[in-house]
Amino acid sequence: TGIRDGTLNLILRSRFEKEISRSAPDLKKEFAEELERLKKDKKSLQGKLNNMTGRFAEFQLFTEFRARKRFCLSEYFGGVTDNTELNITESRMRFKFHLPDGKESEIDVAAESDCGRMILAEVKKTADKTGLPGVRIFHEKTERFAECFPEKKILPVFLSAGGFTPDALTFCEEKGIGTAESIAFFQAV
């Protein structure tokens, strides 16, 4: 208990300097070690915060799809070629499916319409722009999903809060992947 900010340590060292000088501690070394420990703690906490922020963004999109029910995907995402009104009957987060080779894959948010269309959404909530590798991985997942569920018409979309690099945006346009940097959330009608 008592003072935890180091003040007591400084007071005691000031009053008992002679006694302490026999076992003179290296204050610079102690300070550097404490600073390094605090940097590690900050990095760990920042990682946890980023993870939770990303999950919350997924949850927001999932909730919007679930609550809104009838809408055109172009209201949320640019570059969408299919403007058919969707009537969402089911919406899922962290949708897992098995590939033909037995491996498991996951889609952040999946929403199914009564017309057989299925929205597959990737959500990235980072300050960095999403680059071509991340978009390609998502495209491969959607292609594999389409192979597993050929009866579904797939509508791939990508939400990246940090934006997209120019090559990633071009790739999305070429492959018909809708893009957004934010979602304007609406009230259910």
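Everything numeric in this text was worked out from a predicted model, so none of it was measured.

S.K.: Where do I start with the environment of Gly78 in this structure?
M.R.: Structurally, the position occupied by Gly78 is in the loop between β1 (70-71) and β2 (86-98). Along the backbone, Gly78 and Leu8 are 70 residues apart, and their C-alpha atoms lie at a distance of 60 Å. Residues contacting Gly78, with those up to four places away along its chain left out, are Ile177, Gly178 and Thr179.

S.K.: What is the right way to read the pattern of salt bridges from this model?
M.R.: In a structure, side chains of opposite charge can pair up when their charged atoms sit close to one another. For the structure shown, the criterion picks out 14 salt bridges. Between Glu104 and Lys96 there is a salt bridge; the shortest N-O distance is 3.9 Å. Take Lys96: its relative accessible area is 46%, and that puts it in the partly exposed class. Through salt bridges with shared partners, a single network forms among Glu58, Arg94, Lys96, Glu104 and Glu106.

S.K.: What is the right way to read helix α3 (residues 27-68) from this model?
M.R.: An α-helical turn contains 3.6 residues, so any two residues separated by three or four positions project in the same direction. Over its 42 residues, α3 extends 60 Å from the first C-alpha to the last, a length consistent with the 62 Å expected when each residue adds 1.5 Å. Restricting attention to buried positions, one finds in α3 the residues Gly54, Ala57, Glu58, Leu61, Phe62, Glu64, Phe65 and Arg68.

S.K.: Would you explain the environment of Val109 in this entry?
M.R.: With respect to the helices, strands and loops of the structure, Val109 is situated in strand β3 (residues 104-113). Through-space distance from the C-alpha of Val109 to that of Val157 is 9.7 Å; in sequence the pair is 48 residues apart. Not counting residues up to four positions away in its chain, the partners in contact with Val109 are Glu58, Leu61, Phe62, Phe65, Arg92, Ile119, Leu120, Ala121 and Val123.

S.K.: Would you take a moment to explain the nonpolar core for this structure?
M.R.: As a rule of thumb, soluble globular proteins bury nonpolar side chains together. Within the largest apolar cluster, 21 residues are counted, with the highest numbers of intra-cluster contacts made by Leu61, Phe65, Phe71, Leu73, Phe77 and Ile119. Within the residue set of this core, elements represented by two or more residues are α3, β2, β3, β4 (117-124) and β5 (153-160). Counting residues per element, this core draws most heavily on α3, at four residues. Setting aside residues no more than four positions away along its own chain, Ile119 makes contact with Phe65, Phe71, Leu73, Leu86, Ile88, Val109, Ala110, Ala111, Leu155 and Val157.

S.K.: Explanation requested: the confidence of the model for the chain in the structure shown.
M.R.: For the chain, per-residue confidence averages 83 on the pLDDT scale, and residues scoring 70 or more make up 92% of the total. Mean pLDDT per element in the chain: helix α2 (residues 17-21) is the minimum at 69, and helix α5 (residues 166-175) is the maximum at 93.

S.K.: Looking at this structure, I do not really get the pairing of β2. What am I missing?
M.R.: Side-chain direction in a regular strand flips from residue to residue, so the side chains alternate between the two faces of the sheet. Both β1 and β2 contribute to a ladder of two bridges, which runs antiparallel. Bridging across to β2, Arg70 finds its partner in Asn87. Relative to β3, β2 runs antiparallel, the two sharing nine bridges. Residue Phe97 lies in a different strand from β3, and its bridge partner there is Ser105. Taking the residues between adjacent antiparallel strands as the criterion, β2 and β3 are bridged by five residues, where Gly102 takes a positive phi near 95°.

What counts and what doesn't
Throughout, residues of each chain are indexed from 1 in the direction in which the sequence is written. Local features in this predicted model are restricted to residues whose pLDDT is 70 or higher, and side-chain atom pairs enter the listing and the counts only when it is 80 or higher, whereas totals over whole chains, interfaces and linings include all residues. Heavy atoms throughout the structure, all of them, feed into the side-chain values; hydrogens and water do not. Strands here mean DSSP runs of E at least two residues long; helices mean DSSP runs of H or I at least four residues long; both are numbered from the N terminus. By the convention used here, residues are in contact when the closest approach between their heavy atoms is within 4.5 Å. We count a salt bridge whenever a side-chain nitrogen from Lys or Arg sits within 4 Å of a carboxyl oxygen from Asp or Glu. To sort residues, take the accessible area from a 1.4 Å probe on protein chains only and compare it with the maximum for the residue type: under 20% means buried, over 50% means exposed, and anything in between is partly exposed. One less than the residue count of a helix, multiplied by 1.5 Å, gives the span that helix is expected to have. By nonpolar core we mean a set of buried residues, namely Ala, Val, Leu, Ile, Met, Phe, Trp, Tyr and Cys, connected to one another through side-chain atoms within 4.5 Å. You can read pLDDT as the predictor saying how much it trusts each residue, on a scale of 0 to 100. Pairing between two strands requires that DSSP report at least two bridges joining them.

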